[in-house]
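# Fold and geometry: a report
Here is what each chain is made of, one letter per residue.
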Amino acid sequence: MSVYSNAAAEPVEVQTRNRWTETYVKWSPLGTYLATFHTRGIALWGGDDFHQITKFSHADVEFIEFSPCEKYIVTFSPKTSNVTEDPTAIIVWDCRTGAKKRAFHSEIPIVWPVFRWSHDDKFLARMTQDGSLSVYETPGFGLLDKKSIKIEGLRGFSWSPKDNIIAYWVAESKAVPARACLLEIPSRKELRVKNLFNVADCKMHWQKSGDYLCVKGDRYKKLLENKDIKYAGMYHNFEIFHMNEKQIPVDTVKIEETVHAFSWEPVGHKFGVIHGDAQSLNVSFYGLKKGTEPEILKKYERKVGYLLIVSRFGLFYVF
């Protein structure tokens, strides 16, 4: 296996070693560590000469996940899942020292990554099958306030990339509408709630800088026939949360066509949506301003084969 530097003219070989890994490799988020997979565990390499920094003894690891600031690494070995009373399937390690911080049982079926980290590595959270949200504090990895957060109908959650705020959504139940919520951690204070009606599914899209959150709701179209309610297809609402404004106002953008892709401008106030029939796609770009509804800036209609890319400088590219 070889590691190359992405030089201007052509890639430059930095290090080559035989049998450096047995299966896969993975870089840490900031590029400090290179992780290699082995039968007995995981090894981390770094520095100009890619020397071994530490290793973790966890047999048959198949998946790993670094924390955003690279302080910790989570390893998962499905072959040891829940075979003993002591948890061995999922282990959280200290990247620098190699110390084992805490181990967990895995739920079946497992969805990786099991844990999701706050932006600053201070918290990690998981959604359990009984509808609870368990948040753990670092560096001790104890359960926050020694109890999970019970959320009836919890379907998904996501951390803000800037603040210790969890966005989650709850499914509709009988006469109670679905809702999207913002929860401050560690206070557990509910910052904002938005009710969502006739929702089949939700997806959460944080802007990279954390200034906005978009909750995309897939909603049923209702038809009334002889006082009976029937469903006739889907449409989509984009609920835009303005995170930096007082009381976090929410704007709504409604799109009647099938939505294929959504992307935020990384830093700024624009987003793009690809929508329409598969053979006749439209691309719409929207801008946000304080105190006004989202404004459509540009729409490209009836094109084929779009790919929506947002550059690091906030420019949209459409092909």
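Residues numbered from 1 in each chain as written. Predicted model: local features only at pLDDT ≥ 70, side-chain atom pairs only at ≥ 80, totals over all residues. Heavy atoms only, no water.

### Thoughts on the pairing of strand β17 (residues 165-170)
Within a regular strand, side chains alternate between the sheet's two faces. By the criterion of burial, β17 is predominantly enclosed, with 6 of the 6 residues buried. Side chains Ile165, Ala167 and Trp169 of β17 all project onto a buried face; the interleaved residues Ile166, Tyr168 and Val170 project onto the opposite face, where all are buried too. In this sheet, β17 lies alongside strand β16 (residues 154-159) in antiparallel orientation, the contact comprising 5 bridges. Residue glycine 156 lies in a different strand from β17, and its bridge partner there is tryptophan 169. (Buried < 20%, exposed > 50% of the residue type's maximum accessible area, 1.4 Å probe, protein only. Helix = DSSP H or I, 4+ residues; strand = E, 2+ residues; numbered from the N terminus. Pairing = 2+ DSSP bridges.)

### Some details on the packing of aromatic side chains
Scanning all chains against the criterion turns up 23 aromatic pairs. Ring plane angle 75 degrees and centroid distance 6.1 Å describe the contact between phenylalanine 115 and tyrosine 136, whose orientation is recorded as edge-to-face. Here tyrosine 136 lies in strand β13 (residues 132-137) and phenylalanine 115 lies in the loop between β10 (100-104) and β11 (116-117), a separation of 21 residues in the sequence. In terms of burial, phenylalanine 115 and tyrosine 136 fall into one category: buried. Seen from their ring centres, phenylalanine 238 and phenylalanine 262 are 5.5 Å apart, and the 20 degrees between their planes marks the pair as stacked. One end of the pair, phenylalanine 238, is in strand β22 (residues 228-242); the other, phenylalanine 262, is in strand β24 (residues 259-264), with 24 residues separating them in the sequence. Accessibility assignment for this pair places phenylalanine 238 and phenylalanine 262 in one class, buried. Pairwise contacts between aromatic rings join Tyr212, Phe238, Phe262, Trp264, Phe271 and Tyr286 into one cluster. Its guanidinium or amino end placed over the ring of phenylalanine 157, arginine 116 lies 5.0 Å from that ring's centre, counting from NZ or CZ. (Phe/Tyr/Trp six-rings, centres within 6.5 Å; stacked < 30°, edge-to-face > 60°. Lys NZ or Arg CZ within 6 Å of the ring centre and 35° of its normal.)

### A word on the pattern of salt bridges
Scanning all chains against the criterion turns up 8 salt bridges. As a salt-bridge pair, glutamate 256 and lysine 254 come within 3.3 Å of each other at their nearest N and O atoms. For glutamate 256, a relative accessible area of 42% corresponds to the partly exposed category. A salt bridge links lysine 270 to glutamate 265; the shortest N-O distance between them is 3.1 Å. (Salt bridge = Lys/Arg side-chain N within 4 Å of Asp/Glu carboxyl O.)

### Concerning the nonpolar core
Core analysis: the biggest nonpolar cluster contains 18 residues, and Leu182, Leu196, Leu213, Val215, Phe241 and Met243 have the highest contact counts within it. Of all the secondary-structure elements, those providing two or more residues to this core are β17, β18 (178-184), β20 (199-206) and β21 (212-225). With 4 residues, the single largest contributor to this core is β20. The contacts of methionine 243, once residues within four sequence positions are left out, are Ile165, Leu182, Trp206, Gly210, Asp211, Tyr212, Leu213 and Ile248. Counting 16 residues, the second-largest nonpolar core is a separate cluster that includes Phe123, Val135, Ile151 and Phe157. (Core = buried A, V, L, I, M, F, W, Y, C linked by side-chain atoms within 4.5 Å. Contact = heavy atoms within 4.5 Å.)

### A word on the sheet that holds strand β6 (residues 51-57)
Within the open sheet, the 4 strands sit side by side as β3-β4-β5-β6. Their pairing is antiparallel. Two strands bound the open sheet, and with one partner strand each, they are β3 (25-27) and β6. Geometrically, the sheet is characterised by an average inter-axis angle of 25 degrees between neighbouring strands, direction not taken into account. Judged from the 5 bridges that link them, strand β4 (residues 34-38) and strand β5 (residues 41-46) form a sheet pairing that is antiparallel. Across the sheet, residue phenylalanine 37 finds its bridge partner in β5, namely isoleucine 42. (Axes fitted to C-alpha atoms, helices over the stretch in contact; angles between N-to-C directions.)

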